[in-house]
Amino acid sequence: MIPANRLPAQPVRWQQLWREAITDPRELLAVLGLSGHAGELLPAIDTDFALRVPRGFVARMRHGDPADPLLRQVLPQAAELGDVPGFTRDAVGDLAARSANGVLHKYEGRALLVATGSCAVHCRYCFRRHFPYADETAAANRWGEAVEHLRGDASIHEVILSGGDPLSLSTAKLAELGDALAAIPHVRRLRIHTRLPIVLPERVDAEFHDWFAALPLQRVVVLHANHPAEFDAAVDAACLHLRDAGATVLNQAVLLRGVNDDADALAGLSERAFAAGVLPYYLHQLDRVTGAAHFEVPDGRALALVEALRRRLPGYLVPRLVREIAGEPSKTPL
Ligand SMILES: *Cc1c(COP(=O)(O)O)cnc(C)c1O
Ligand code: SF4
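Below: a short report on this structure. As the structure is a prediction and not an experimental result, all values here were calculated from the model. (Residues numbered from 1 in each chain as written. Chains lettered and ligands numbered in written order. Predicted model: local features only at pLDDT ≥ 70, side-chain atom pairs only at ≥ 80, totals over all residues. Heavy atoms only, no water.)

**Here's the deal with the site of ligand 2**
The criterion, for reference: A cutoff of 4 Å decides nearness: a residue is near a molecule or strand if any of its heavy atoms lies inside that distance of it. Of the two site types, the cavity is a set of points on a 1 Å grid over the protein atoms alone where a 1.4 Å probe fits but cannot get out, and the pocket is an open set with protein on both sides within 12 Å along at least five of seven lines, each lined by residues with an atom within 4 Å of a point. Being in a pocket or cavity means that more than half of the molecule's atoms lie within 2 Å of its grid points. Here the nonpolar group is Ala, Val, Leu, Ile, Met, Phe, Trp, Tyr, Cys and Pro; Asp, Glu, Lys and Arg are the charged ones; every other residue, Gly included, is treated as polar.
If you check the shell around ligand 2, you find C119, V121, C123, C126, G164, R195 and H224 and nothing else. One can see that ligand 2 is located within the largest pocket. Considered class by class, the residues forming the shell around ligand 2 number 4 nonpolar, 2 polar and 1 charged.

**Some points on the pattern of salt bridges**
To keep things clear, this is the line we draw: Here, a salt bridge means any Lys or Arg side-chain nitrogen found within 4 Å of an Asp or Glu carboxyl oxygen. Helix and strand assignments follow DSSP, with helices taken as H or I runs no shorter than four residues and strands as E runs no shorter than two, numbered in order from the N terminus. Accessible area is worked out with a 1.4 Å probe on protein chains only. A residue is then buried under 20% of its type maximum, exposed over 50%, and partly exposed in between.
In this structure the tally under the stated criterion is 18 salt bridges. Notably, a salt bridge pairs E230 with R195, separated by 2.9 Å at the nearest N-O pair. Within this pair, whereas E230 is found in the loop between β5 (218–224) and α11 (233–244), its partner R195 is found in the loop between β4 (189–194) and α9 (196–199), the two being separated by 35 residues in sequence. Take E230 and R195: they sit in the same class, and that class is buried. The closest approach of N and O atoms between D236 and R272, which form a salt bridge, is 2.9 Å.

**A short note on the sheet that holds strand β2 (residues 110–114)**
Here is the rule: Strands are treated as partners if at least two bridges between them are detected by DSSP. A contact between two residues is defined here by any heavy atoms of the two lying within 4.5 Å. Geometry is summarised by axes, namely lines fitted to C-alpha atoms with helices restricted to the contacting stretch, and by angles between N-to-C directions that run from 0 to 180 degrees.
Here we have 9 strands laid out as an open sheet, ordered β1-β2-β3-β4-β5-β6-β7-β8-β9, and mixed in their pairing. Since the sheet does not close on itself, it has two edges, and those belong to β1 (103–107) and β9 (332–333), each with one partner. On the sheet, α11 packs against β5 and β6 (247–254) and is oriented at approximately 135° with respect to β6.

**A look at the pairing of β2**
Of all 5 residues in β2, 4 are buried, a share of seventy percent or more. For β1 and β2, the ladder comprises 3 bridges, and the chain directions are antiparallel. Note on β2: the bridge partner recorded for Y107 is R110. Connecting the antiparallel pair β1 and β2 is a turn made up of 2 residues, with G109 showing a positive phi of about 80°.

Given below as structure tokens:
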């Protein structure tokens, strides 16, 4: 256990850091000393998916480098604007699988709740960039409809919170769900898919830690980091607090051209994540969503990269290379 006095009782509130995120591409370039590159880097017209990136994440980018792998994940680019055959707005068939209350139940034993539409960072390759999040998500109505569905299906042993980013909800809101789940005998595990401990690690504050640690369910957190430079001391602390709260902490990454499509970056990611106590889980082939074609890595290259990882790393540091295919009953290994 971490002594309570080592967790800041009143840290800088994460909600405030959230509000202070950079949303203006020109400001982002200015902060990085890249104003002179605006003409070549920024699209001529606004895209329909605004820039958003917390300042703490920007601080991990290399100053003066227009090819920085963290910057490339968040900066709108002209390449997003053209239509590319094979790339669609609902690349993984979520709209077909989603029920009105934000529950996606397509995998055996596991139900996924689309808890919220909001994220602290906007990732340009995100398959949900065109997702028509209604105001009505699983969290609406004190999670009522979602909990009703979970209670009524004894085959569900694991509840997966996804989004958007579920940790963008307040801890009080998450606690409402935790209380309801704890009262459903067949639900054994709560899994949270989140990028917040990476992009805004202050989110894992004492209030969240204490709630999570006391939850009478097995806990799994699947983080989302794509490059070793996304980790810093604050992220290490967030991961430590998650593990201290009893969670198994894993990482999933997306294979992205110009970000992590080389063996050094991927091996570095596994090593750096493990140094934070985090095991690699999935390496996803890109979902073919409109506006993300310039990030795609061919399957042959993806397989060669994972083969290179297998030679360099212990088996537990090699992620599973998978693709999401609409309608399939699980992620599909390549
Ligand atoms: C990816 C996904 C899951 C979880 O799959 P795992 O292989 O267990 O990580 C569950 N439900 C849906 C709808 C998913 O897309
Ligand atoms: S944090 Fe996750 S859901 Fe949000 S934009 Fe990034 S990839 Fe998409």
